[in-house]
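Understanding the architecture of this molecule
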Amino acid sequence: MPNQGHLISFEGGEGAGKTVQIKRLRDRLYACGMDVVVLREPGGTTISEQIREVVLSAKNIGIAYTTEVLLFQAARAQLYREIILPSLQVGKVVLMDRTRDSSVVYQGKVRGFGEELIEQLNDISTENTYPDITFLLDVPPEIGIKRRQGTDKMDRLDMESLDFHQKVRDAYLEVAKRDDRDRWTIVDAAQDIDTIEEKIWEEIQARGVCA
Ligand code: TYD
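First, a word on what this report is: a plain description of the structure on this page.

Reading the values: rules and limits
- Residues numbered from 1 in each chain as written.
- Predicted model: local features only at pLDDT ≥ 70, side-chain atom pairs only at ≥ 80, totals over all residues.
- Heavy atoms only, no water.
- Phe/Tyr/Trp six-rings, centres within 6.5 Å; stacked < 30°, edge-to-face > 60°.
- Helix = DSSP H or I, 4+ residues; strand = E, 2+ residues; numbered from the N terminus.
- Buried < 20%, exposed > 50% of the residue type's maximum accessible area, 1.4 Å probe, protein only.
- Lys NZ or Arg CZ within 6 Å of the ring centre and 35° of its normal.
- Pairing = 2+ DSSP bridges.
- Axes fitted to C-alpha atoms, helices over the stretch in contact; angles between N-to-C directions.
- Near = heavy atom within 4 Å.
- Polar contact = N/O pair within 3.5 Å; in protein donor to acceptor, adjacent residues only side chain to side chain.
- Areas by Shrake-Rupley, 256 points an atom, 1.4 Å probe, with all protein chains shown as cover.
- Nonpolar A, V, L, I, M, F, W, Y, C, P; charged D, E, K, R; others polar.

Here we come to the packing of aromatic side chains. Counted under the stated rule, the structure contains 3 aromatic pairs. Ring geometry for Tyr106 versus Phe164: centroids 6.1 Å apart, planes at 50°, classification tilted. Of this pair, Tyr106 sits in helix α4 (residues 100-110) while Phe164 sits in helix α7 (residues 162-178), placing them 58 residues apart in sequence. With a relative accessible area of 6%, Tyr106 lands in the buried category. By relative accessible area, Phe164 is classed as buried at 6%. One aromatic cluster is present, built from ring pairs that chain together Tyr106, Phe164 and Tyr172. Stacked on the ring of Tyr130, the Lys or Arg Arg100 has its end atom at 3.7 Å from the ring centre. Its guanidinium or amino end placed over the ring of Tyr130, Arg181 lies 3.4 Å from that ring's centre, counting from NZ or CZ.

Put into structure tokens, the structure is as follows:
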């Protein structure tokens, strides 16, 4: 049975403002009468949240990159089977704070596992599911890190060097500009929150999610 719903993902580096934009989009879609589910990766189910704790804990600095790759995929596999695929089948709109492209960028490109291998794992975890629409909230890492500092949201990956965050940004821009499946919109996330919200909403309407 073909999917009836819409899978919309938000991607970007630390402090890009994904969370606030997802909340605003959720409210606008509700107002439009849509049935909306909001999820984050890694996480979103009881099992996936337990995996999140292991993979992101600042205590686990000894985690091997290979372990990291597989744990992100394990959390994803559970989330797609338990919530995302059934939600899409009944016509819901699923808003995601990160999904498969985070693995392509962080593990595939920045850690060096390669895009091809990561996409193969992504296909297994998601049962070959791609977002219909993906927003890249693009912000220079200096700004993103400053937004994040002083909050209690600093995790193991936030504590990486500026060079790491710059590589993440460059990798996202490369993937988004290539736009293999005509699904990416790059948003300048250094702009103010209301302006970003409008830009996202325009794209949602242009794509016919809430006409
Ligand atoms: P989170 O606190 O959700 O970060 P943010 O608010 O920036 O989205 O932590 C998620 C972290 O995990 C983030 O640093 C990116 C990383 N990550 C990967 O490296 N690979 C993945 O597949 C996913 C889903 C996340």
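The next point concerns the sheet that holds strand β4 (residues 133-138). Ordered by their spatial adjacency, 5 strands build an open sheet running β2-β3-β1-β4-β5, and the pairing between neighbours is parallel. Both edges of this open sheet fall to β2 (36-40) and β5 (184-188), since each of them pairs with a single strand only. With strand direction ignored, the average angle separating the axes of adjacent strands in the sheet is 20°. Relative to β4, strand β1 (residues 6-11) runs parallel, the two sharing 4 bridges. Within β4, the position partnered with Glu11 by the bridge is Leu136.

The next thing to look at is the site of the ligand. Close to the ligand lie 18 residues; Lys18, Arg98, Ser103, Gln107 and Arg148 are nearest. A distance of 2.5 Å separates an oxygen atom of the ligand from a polar side-chain atom of Ser103. Protein chains shield 97% of the accessible area of the ligand, which is 540 Å² for the free molecule. When residues of the shell around the ligand are traced back to their parent elements, those giving at least two are α2 (46-56), α3 (65-89) and α4. Top element by residues in the shell around the ligand is α4. It accounts for 4 residues. For the shell around the ligand, the residue count by class is 5 nonpolar, 3 polar and 10 charged.

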